[in-house]
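# Reading the structure
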Amino acid sequence: MDDEIFFKSAQRLSAMLDRREISSVELAKAVIERAKQIDSKIGAFLSFDEAKTLREAEESDARRKKGRPLSVLDGIPVSLKDLIAEKGQPLTCGSKILENFVSPYDATVTERLRAAGCVLWGRLNMDEFAMGSSNENSAYKPVANPWNIGCVPGGSSGGSAAAVAAGETILSLGSDTGGSIRQPAAFCGICGLKPSYGAVSRYGLVAFASSLDQIGPMGRSVEDVASLFQVMAGIDKKDSSSFPFRKPNYLAGLSKFSSLKRLGVPKEYFQGGLDSEVRKALENAIEFYRSAGHEIVEVSLEMTKYVMPAYYIIATAEASSNLARFDGIRYGFRSKATSNAIDIYFKTRGEGFGEEVKRRIMLGTYVLSNENFDSYYRHAQKVRTLIRNDFMRVLGEVNAIIAPTTPTVAFEFGKKKFDPLQMYLCDIFTVQANMVGTCGISIPCGMSSTNLPIGMQILGKPFKEHEILSLAYEFESAHGCKNLHPKI
Ligand code: GLN
């Protein structure tokens, strides 16, 4: 299976492109064909523009012919979650309310991928407006987990994870507000990095909760994720929340890992509710780090139990403000059953948004209302500070934290769809990084007895992505998970 072009790593493919063993057009055709063959089963793509993708691949081949590739990723297909703007392409956010909306401009990350010569391939399915953990909230179609098509791929970047896992693309971008890169990466057996808040520009990312959202890279190996992060990270004057930090060479840094680290294992993450096979896989991974010479210490993240309640106040409050712009006037869909202006707003929003999005808008509007603002929103902000302090205190004692990404492996369709609380709990281990604004990566660390991937999460200090990437690489190099592919 590893011999299939579409399962090769971006690093391998880049070397093959250099040696003219393959052209970018051939590579683009391989992923396009693969998607055409299997995407009716997976549902990872919402749309694609084959001719445009092949044109970009031709341009890349022309650059290589002249000996002037723009980066190591020149000619490599990268697919974008359908909430990251690409000029001239649909931008639906998985919602009916943006049906037929075409983006008039490029997001900063999209511009940066172009500047690196990446071949932009397709628009990836997602939970509507990135709200969800199973991709069952897409207004268009569900995404299936390539390891078992009866199971969900996770969410909200379910399309981004499934497309990479199934070889329908080489790399993808997702977004992570409370776990939406790491959780689907874990469920689909790939790597996903949620960058520190401010490391990647949010310009051109349709906002869900602006103080939590980050765009991040997803791929089948740590090296691939590091090389994609290299081209997308960095300050941007179009996003005032992006931050000027020193960007090391992430790829070169991976193998230079030398100094042994102090790694924290939070005891709160290993209590009841954690699936026994996930626990076992994590214990094995921790044992691996210990025997490699790292110091393992138990730590306590005392604020853990307040993370979910505070998140669901802050995220919904921000969502209710951000989603106010979808009014039937400015973008996409407009209800036909209207007789006056007020009607347009009400009916468009009533018909255009799905159940979960409406639930969040109502919750968010409630916690921001005059009479509830202090007791909910302001309170949650104070709790967020305590969560951050707690986390930074622990990160003062250790270099990184090792934890499960999710409490369980991927579950069957319908299992949690009608129980929002159960669905929200899928993110119990991932939300903390967003509340703190720090970085986290999920990498595969084993398989369950039902042949579903298990994810390990490594959380680091803000802007220390190179440290968690190195730790992830160290584990990955010793284990064969990156060479496992679903049979589909
Ligand atoms: N599943 C979480 C939610 O529904 C996180 C979503 C995300 O990270 N975009 O809010």
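Just above, that's the structure.
Below is a summary of the structure that appears in this document. (Residues numbered from 1 in each chain as written. Predicted model: local features only at pLDDT ≥ 70, side-chain atom pairs only at ≥ 80, totals over all residues. Heavy atoms only, no water.)

### A closer look at the pairing of strand β5 (residues 191-194)
Residues C191 and L193 of β5 are buried on one face, and the alternating residues G192 and K194, pointing to the opposite face, are buried as well. One ladder, built from 2 bridges, connects β5 with strand β6 (residues 214-219); its direction is antiparallel. By the bridge assignment for β6, G192 is matched with M218. (Buried < 20%, exposed > 50% of the residue type's maximum accessible area, 1.4 Å probe, protein only. Helix = DSSP H or I, 4+ residues; strand = E, 2+ residues; numbered from the N terminus. Pairing = 2+ DSSP bridges.)

### Here's the deal with the sheet that holds strand β3 (residues 119-124)
An order of β1-β3-β2-β4-β6-β5-β10-β11-β9-β7-β8 is seen for the 11 strands of this open sheet, with the pairing classed as mixed. Edge positions in the open sheet fall to β1 (45-47) and β8 (295-299), since each of these has one partner strand only. Sheet twist, expressed as the mean angle between neighbouring strand axes with direction ignored, is 35 degrees. In terms of strand pairing, strand β10 (residues 440-447) meets strand β11 (residues 453-459) through 7 bridges, oriented antiparallel. Within β11, the position partnered with G440 by the bridge is L459. The strands touched by helix α9 (residues 276-291) within the sheet are β7 (262-266), β8, β9 (400-404), β10 and β11, with β11 carrying the most contacts at an inclination of about 50 degrees. (Axes fitted to C-alpha atoms, helices over the stretch in contact; angles between N-to-C directions. Contact = heavy atoms within 4.5 Å.)

### Observations regarding the pairing of strand β4 (residues 171-176)
Across a regular strand the side chains alternate sides, sitting on one face of the sheet and then on the other. Burial within β4 is extensive, with 6 of its 6 residues counted as buried. Pairing analysis gives 3 bridges linking strand β2 (residues 77-81) to β4, with the strands arranged parallel. If you follow L80 over to β4, its bridge partner there is L173. Sheet topology note: the β4/β6 ladder contains 5 bridges and is antiparallel.

### Points about empty space enclosed by the protein
To find the voids left in a structure, one rolls a probe of water-molecule size over its atoms. Under the definition given, this model contains 4 cavities of 30 Å³ or more. Estimated volume of the largest cavity: approximately 80 Å³. A130, G132, S180, Y311 and D427 are, among the 13 residues lining the largest cavity, the residues nearest its centre. Here the residues of the lining of the largest cavity are counted per class, giving 5 nonpolar, 6 polar and 2 charged. Approximately 60 Å³ is the volume found for the second largest cavity. (1 Å grid on protein atoms, 1.4 Å probe; cavity = no way out; pocket = protein on both sides within 12 Å on 5 of 7 lines; lining within 4 Å. Points joined across faces, edges and corners; volume = space filled by probe spheres on them. Nonpolar A, V, L, I, M, F, W, Y, C, P; charged D, E, K, R; others polar.)

### What about the packing of helix α10 (residues 304-322) against helix α13 (residues 373-397)?
In the contact formed by α10 and α13, the axes pass within 9 Å of each other and the chain directions differ by 130 degrees. One finds that α10 runs oblique with respect to α13. The handedness of the crossing between α10 and α13 is left-handed. Residues Y306, V307, A310, I313, I314 and A317 of α10 pack against Y376, Y377, A380, Q381, V383, R384 and I387 of α13. For the contact of α10 with α13, the residue count by class is 11 nonpolar, 1 polar and 1 charged. (Parallel < 35°, antiparallel > 145°, perpendicular 65-115°, else oblique. Left-handed = near helix turned anticlockwise from the far one by under 90°.)

In short, shape yes, function no, at least from these values alone.
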